[in-house]
Amino acid sequence: MNNELFEKRAGILKLYGEEERLISETERCRRTGVSRTTWWRMQKAGETPPASSVGKGKARWLLSDILLWMNNVKLGH
């Protein structure tokens, strides 16, 4: 991971008073206000942060990636 991305992630987590963790689809929906269907469409278009697969049909996102996305900060993966 590049240093700039690490700093962005650390900064957004500090701003929100959070620690890095993987979040579920349910929490992702609650935090972003974006429905599963709309998120799926946005994901297909490359407009969302990447998910990590944690089992069959289960996706998780880094909390920092979601918070950065919500604040329109480019992730630069």
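A brief structural summary. Per chain, residues are indexed from 1 in the order of the written sequence. With pLDDT at 70 or above as the cut-off, local features in this predicted model cover only qualifying residues; side-chain atom pairs require 80 or more to be listed or tallied, and sums for whole chains, interfaces and linings still use all residues. Values shown for side chains rest on all heavy atoms present in the structure; no hydrogens or waters enter the calculation.

1. Some points on the nonpolar core
Consideration 1: In this description, a nonpolar core means a group of buried Ala, Val, Leu, Ile, Met, Phe, Trp, Tyr and Cys residues linked to one another through side-chain atoms lying within 4.5 Å. A 1.4 Å probe rolled over the protein chains alone gives each residue an accessible area, and that area as a share of the maximum for its type sets the label: buried under 20%, exposed over 50%, partly exposed in between. Core analysis: the largest hydrophobic core is formed by 11 residues, namely Ile12, Leu13, Ile23, Val34, Trp39, Met42, Trp61, Leu63, Ile66, Leu67 and Leu68.
Consideration 2: Helix and strand labels come from DSSP, where a helix needs a run of H or I of at least four residues and a strand needs a run of E of at least two; each type is numbered from the N terminus. By residue number, the principal contributor to this core is helix α4 (residues 63-70), which donates four residues.
Consideration 3: Every residue in contact with isoleucine 23, bar those within four places of it in the chain, is listed here: Arg28, Arg31, Ala59, Arg60, Trp61, Leu63 and Ile66. Throughout, a residue-residue contact means that at least one pair of heavy atoms, one from each residue, lies within 4.5 Å.

2. What to know about the sheet that holds strand β3 (residues 58-62)
Consideration 1: As summarised here, the arrangement of the three strands in space is β1-β3-β2, forming an open sheet in which the pairing is antiparallel. Pairing within the sheet leaves two strands with one partner each, and these edge strands are β1 (22-23) and β2 (52-55).
Consideration 2: A pair of strands is treated as paired once DSSP finds two or more bridges between them. Pairing of β1 with β3, which is carried by two bridges, proceeds in the antiparallel orientation. By the bridge assignment for β3, isoleucine 23 is matched with tryptophan 61.

3. Topic: the packing of aromatic side chains
Where two aromatic rings form a pair, the distance of their centres and the angle of their planes describe that pair.
Consideration 1: Here is the rule: rings of Phe, Tyr and Trp (six-membered ring for Trp) pair when centre to centre is within 6.5 Å. Planes less than 30 degrees apart are stacked, more than 60 are edge-to-face, and the remainder are tilted. Within the structure shown, the criterion is met by two aromatic pairs.
Consideration 2: Between the aromatic rings of tryptophan 39 and tryptophan 61, the centroid separation amounts to 6.0 Å while the plane-to-plane angle is 90 degrees, which identifies the pairing as edge-to-face. Of this pair, tryptophan 39 sits in helix α3 (residues 36-44) while tryptophan 61 is found in strand β3, placing the two residues 22 residues apart along the sequence.
Consideration 3: With a centroid separation of 4.9 Å and an interplanar angle of 70 degrees, the aromatic rings of tryptophan 39 and tryptophan 69 are classed as edge-to-face. With tryptophan 39 in helix α3 and tryptophan 69 in helix α4, the pair connects residues that are 30 residues apart, well separated along the chain.
Consideration 4: Classification of tryptophan 69 by relative accessible area gives partly exposed; the value is 21%.
Consideration 5: By the ring-pair criterion, three or more aromatic residues cluster together here, those being Trp39, Trp61 and Trp69.
Consideration 6: The ring of tryptophan 61 carries arginine 28 above its face, with NZ or CZ at 5.7 Å from the centroid. Charge-over-ring placement is defined geometrically: NZ (Lys) or CZ (Arg) within 6 Å of the ring centre, and within 35 degrees of the ring normal.

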